[in-house]
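Working through the structure, step by step
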Amino acid sequence: MPTELQNKTTSVIIAFLKEIGLKVEFGSVNDDTFLPGIEVVAGGLIVDESRLLFPGDLLHEAGHLAIVPATTRANLSGKVEISEANPDVIEATAMCWSYAACVQLGIEPSVVFHAHGYHGR
């Protein structure tokens, strides 16, 4: 894996995620993940920059991880689903978290809320 990320926005986002204590590693990610270039494994993110289509997707996936207790987070892999929580509430909360992260980082919200996100909604 490269020692330096090619995309500046991706670099800023990953530095932020690490700073707040989320686990982010680089590695090869298969084509069958929920979001291209990102895989959730044991409560952390595996990022394959060569497959990452939208850097803002990192903030959205991180939002799912950030809003759950660390003890629950460690058990999350693949599609992030929390059995005891309402999925609509979890999704809305992750969206709010990712928006707040954009504001904190000075990133345009369109980086997260892009035309190809959220199944076109």
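Look up a bit, the structure's there.
Let me begin by describing the structure that accompanies this report. (Residues numbered from 1 in each chain as written. Predicted model: local features only at pLDDT ≥ 70, side-chain atom pairs only at ≥ 80, totals over all residues. Heavy atoms only, no water.)

Description of the side chain of Asp57
Mapped onto the fold, Asp57 is located in helix α2 (residues 56-66). The buried category is assigned to Asp57, whose relative accessible area is 7%. Residues in contact with Asp57, not counting those within four places in the same chain, are Leu35, Ile38 and His114. (Helix = DSSP H or I, 4+ residues; strand = E, 2+ residues; numbered from the N terminus. Buried < 20%, exposed > 50% of the residue type's maximum accessible area, 1.4 Å probe, protein only. Contact = heavy atoms within 4.5 Å.)

Observations regarding the nonpolar core
If you look at the biggest cluster of nonpolar residues, it comprises 26 residues, and the most contacted ones within it are Leu17, Leu45, Val47, Leu58, Leu59, Leu65 and Trp97. Contributing elements (two or more residues each) for this core: α1 (8-19), β2 (38-41), β3 (44-47), α2 and α4 (87-105). Every residue in contact with Leu58, bar those within four places of it in the chain, is listed here: Thr10, Ile13, Ile14, Leu17, Ile38, Leu45, Val47 and Leu52. (Core = buried A, V, L, I, M, F, W, Y, C linked by side-chain atoms within 4.5 Å.)

Quick look at the packing of aromatic side chains
The tally for this structure, following the rule as stated, stands at one aromatic pair. For the pair Phe16 and Trp97, a centre-to-centre distance of 6.2 Å together with 40° between the ring planes defines the contact as tilted. Note that Phe16 is positioned in helix α1 and Trp97 in helix α4, a separation of 81 residues in sequence. Across the pair, Trp97 and Phe16 agree in class, each one buried. (Phe/Tyr/Trp six-rings, centres within 6.5 Å; stacked < 30°, edge-to-face > 60°.)

Points about the pairing of β3
Neither face of β3 is exposed, since Gly44 and Ile46 on one face and Leu45 and Val47 on the opposite face are all buried. The pairing of strand β1 (residues 24-26) with β3 spans three bridges and is classified as parallel. Looking at β3, one finds that Phe26 is bridged to Val47. Of the strand pairs in this sheet, β2 and β3 are connected by four bridges, and their pairing is antiparallel. Each bridged residue has a counterpart across the sheet, and for Glu39 the counterpart in β3 is Ile46. Here β2 hands over to β3 after two residues, with Ala42 in that stretch at a positive phi of 50°. (Pairing = 2+ DSSP bridges.)

These results come straight from atomic positions and should not be treated as a statement about function.
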